[in-house]
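So the chains spell out like this:
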Amino acid sequence: QVHVVESGGDLVQPGDSLRLSCVVSGGIFSLFAVGWYRQVPGKERELVAAISDTALTTYGPSVKGRFRIFKENAKNTVYLQMNSLKPEDTAVYYCNAGPYESILRSRFTSWGQGTRVTVSS
């Protein structure tokens with residue numbers, strides 16, 4: 001099945017920017033939708049952004065206007081560009097790949113290790 005590897009998380013200050021990467025393998029990249037999610041201990045995993053195989057995008061309300069999801073097909077990679085970071089963006093960020101409807105509904109049976117983003121002054 002599809003395998004993903006997240007990277008790019010870091011400790012940054014409010015207002016800074018980060019770009020997270022999600023490298024996808026185990027299938028034909030151009031057929032996948034990919035989503036970025038985040039989770040804080042004690043809370044449910046939430047969808048941050050998603051991009052379909054046809055490059056339609058969806059954003060969670062808390063990040064709309066600040067984050068952008070895009071993909072580079074030649075590298076089998078989906079990026080999450082995060083600007084104007086806030087302390088409430090602190091979380092472990094995960095990606096996953098599959099049908100667009102599954103992405104939007106977080107319908108996955110397995111998750112990777114994620115990458116940690118900490119926004120603090």
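Our structure's up above, just so we're on the same page.
Everything numeric here is computed off the predicted structure, so don't read it as measured data.

J.: Residue-level account of the layout of surface pockets, with values.
T.: A probe matching the size of a water molecule, rolled over the atoms, marks out where space remains unfilled. Here the largest pocket is characterised by a volume of approximately 290 Å³. Looking at the largest pocket, it is lined by 13 residues, and the ones nearest its centre are Q1, V2, H3, N96 and S110. Elements with a contribution of two residues or more to the lining of the largest pocket: strand 1 (3–7) and strand 9 (91–98). At three residues, the largest contribution of residues to the lining of the largest pocket is made by strand 9. Along the lines of polarity and charge, the residues of the lining of the largest pocket split into six nonpolar, seven polar and no charged.

J.: Give me the lowdown on the state of the cysteines, citing residues and values where you can.
T.: Throughout the structure, instances matching the rule amount to one disulfide. Between the sulfur atoms of C22 and its disulfide partner C95 the distance amounts to 2.1 Å. Where C22 bonds to C95 through sulfur, the torsion about that S-S bond is close to 80°, and the disulfide is right-handed. Here C95 lies in strand 9 and C22 lies in strand 3 (residues 18–25), a separation of 73 residues in the sequence. C95 matches C22 in its accessibility class, with the two residues each being buried.

J.: Can you tell me about the sheet that holds strand 7 (residues 67–72), naming the residues and giving the values?
T.: Strand order in this open sheet of four strands is 1-3-8-7, and the pairing throughout is antiparallel. The open sheet has two free edges, formed respectively by strand 1 and strand 7, since each of these has just one partner strand. Along the sheet, successive strands turn relative to each other by an average axial angle of 20°, direction set aside. Pairing of strand 7 with strand 8 (residues 77–82), which is carried by six bridges, proceeds in the antiparallel orientation. Note that in strand 8 the partner of E72 across the bridge is T77.

J.: Give a detailed account of the pairing of strand 3, specifying residues and quantitative values.
T.: Relative to strand 3, strand 1 runs antiparallel, the two sharing five bridges. Paired with E6 across the strands is C22, a residue of strand 3. As paired elements, strand 3 and strand 8 share six bridges and run antiparallel to each other. Each residue of the ladder has a partner; that of L20, found in strand 8, is L80.

J.: Describe the packing of aromatic side chains, naming the residues involved and giving the relevant values.
T.: Evaluated as defined, the whole model comprises five aromatic pairs. A connected cluster of aromatic rings, assembled from ring pairs, spans Y37, Y94, F108 and W111. Above the face of the Y79 ring, R19 is positioned so that its terminal group lies 5.8 Å from the ring centre. We note R45 situated over the ring of Y94; from NZ or CZ to the ring centre the distance is 4.6 Å.

Analysis parameters
- Residues numbered from 1 in each chain as written.
- Predicted model: local features only at pLDDT ≥ 70, side-chain atom pairs only at ≥ 80, totals over all residues.
- Heavy atoms only, no water.
- 1 Å grid on protein atoms, 1.4 Å probe; cavity = no way out; pocket = protein on both sides within 12 Å on 5 of 7 lines; lining within 4 Å.
- Points joined across faces, edges and corners; volume = space filled by probe spheres on them.
- Helix = DSSP H or I, 4+ residues; strand = E, 2+ residues; numbered from the N terminus.
- Nonpolar A, V, L, I, M, F, W, Y, C, P; charged D, E, K, R; others polar.
- Disulfide = S-S within 2.5 Å.
- Buried < 20%, exposed > 50% of the residue type's maximum accessible area, 1.4 Å probe, protein only.
- Pairing = 2+ DSSP bridges.
- Axes fitted to C-alpha atoms, helices over the stretch in contact; angles between N-to-C directions.
- Phe/Tyr/Trp six-rings, centres within 6.5 Å; stacked < 30°, edge-to-face > 60°.
- Lys NZ or Arg CZ within 6 Å of the ring centre and 35° of its normal.

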